[in-house]
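Tertiary structure, described
In case you want the letters, here they are:
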Amino acid sequence: MIGELGRRSSMALLVHSALIQAVTFLVRPAATYRALELDVPDFALGLLAASYAVFPLLLAVPTGSLMDRLGERRLMAIGSAVVLSCSAFLLLWGSSIVALVAGTALLGAGQLACVVGQQAVVANNAASSRMDSAFGYLTFAASLGQALGPLAISLVGGASVRPDTQAIFLLSVLMSLVLFVTTFVLPAHVSVRRKKGAAATKGGAVSLLKAPGVARALATSATVLAVVDLTMVYLPALGADRGLTAATVGAMLTVRAVFSMVSRLLLGRVSRRIGRMRLLVVSLALSTFALAVVAIPMPLWLLFAVMAVLGLGLGIGQPLTMSWLSAQAPAGQRGRALALRLAGNRVGQVVLPSAVGSVAAGLGSGGVFLASAVVVGGTLLLLRGVQLD
């Protein structure tokens, strides 16, 4: 169980977390394949990746404030409905790059609302001593969804280099419908501390941003998430360049997600043993190494091994920054604090894919991974002096 939630509610929360990620990791690669069908240039793929974050960037902090007022379940229901609408839109009208960009932006907005609600449920119900473990379980479920989405692409795509995207969008509609229904398994009021924290100061988000080390920690979180996005968008392009089938690319994305699951399942135990800061540094070093070597042509089995290392490294940064910010925020403003982190993530999702997309125009998809390695490695310098324990 998670904190003071019952077993049934905890399971519903984890299923919801897995489903929203499964839909996201199903729709976004499918949008990339649809864009490739339309023969869009490489820089347009970067814009497609960035569109997922542009609209949610404007809504991140207001969404957190809305959650603190309305409650987690209502916000998750709204987000699920938006994701369902996005899937239907792409199924019916996703036949141009403009429609793909619009649908991807809509997906980002719905995913934002779902994730803020999910994280606030954990932050408002888990004891501070168990925060790393609780967020580890939540993000483990998210990683499970990130594995199931690409796996579905593998099943639909089979041996073809470019899968049937219309069938994938239809599957996303069905999964989004289940996501929406799952929301209502949670009790209407899952936050046990909101009323006690209602009198918290209104400047909580600004105060958190000004606290020592917070901005650098947020930059680290944003970089890690943006690199996960870039992997999801550009690995299909890399696979197409190297003649890999859609099933193989989907399997590689699944391996990355599975090993992120492993890192998150053991997060609480490892964090207590070596400390949050040291664990974060190790994860970033692993990610930098894996991203750099992806750009090098290698046997397929070795590429799968590199994806496993990348999954281990990238899987740790997000839950650690979640638990740290949750511990710092007043109980009545945890939704706002988590939304602040997501807002920073969205900035990274807009800036990094757009910048790296320009690299792809000159160096190809392999150059994207090399540039990403440089960016992730640079975050190790940002973490000097930051105390996350």
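Scroll up for the structure.
To start, this report covers the structure provided alongside it. (Residues numbered from 1 in each chain as written. Predicted model: local features only at pLDDT ≥ 70, side-chain atom pairs only at ≥ 80, totals over all residues. Heavy atoms only, no water.)

Another aspect to go through is a positive patch on the surface. A cluster of basic residues, R130, R269, R272 and R273, forms a positive patch at the surface. Topologically, R272 is positioned in helix α10 (residues 267–274). Judged by its relative accessible area of 52%, R272 is exposed. (Patch = residues over 30% accessible without salt bridge, like charges linked within 9 Å, V, L, I, M, F, W, Y side chains within 5 Å. Areas by Shrake-Rupley, 256 points an atom, 1.4 Å probe, with all protein chains shown as cover. Salt bridge = Lys/Arg side-chain N within 4 Å of Asp/Glu carboxyl O. Lys, Arg positive; Asp, Glu negative; His and termini not counted. Charge placed at Lys NZ, Arg CZ, Asp CG, Glu CD. Helix = DSSP H or I, 4+ residues; strand = E, 2+ residues; numbered from the N terminus. Buried < 20%, exposed > 50% of the residue type's maximum accessible area, 1.4 Å probe, protein only.)

Formed by 71 residues in total, the largest nonpolar core has its most connected members in Y234 and L235. Here the element with the most residues in this core is helix α1 (residues 7–37); it accounts for twelve residues. Counting 14 residues, the second-largest nonpolar core is a separate cluster that includes A123, A134, L138 and M322. (Core = buried A, V, L, I, M, F, W, Y, C linked by side-chain atoms within 4.5 Å.)

Looking now at the pattern of salt bridges. Counted under the stated rule, the structure contains one salt bridge. Here R34 and E37 are joined by a salt bridge, their closest N and O atoms 3.4 Å apart. Here E37 and R34 lie together in helix α1, a separation of three residues that amounts to about one turn. Its relative accessible area of 37% is what places E37 among the partly exposed residues.

With that out of the way, let us pick up a nonpolar patch on the surface. Judged by side-chain polarity, Y137, V258, F259, V262, L265, L266, V270 and I274 come together as a nonpolar surface patch covering roughly 580 Å² of accessible area. It is helix α9 (residues 246–265) that provides the largest number of residues to the nonpolar patch, a total of four residues. F259 sits in the partly exposed class, given a relative accessible area of 31%.

Read these as geometric descriptors, not functional statements.
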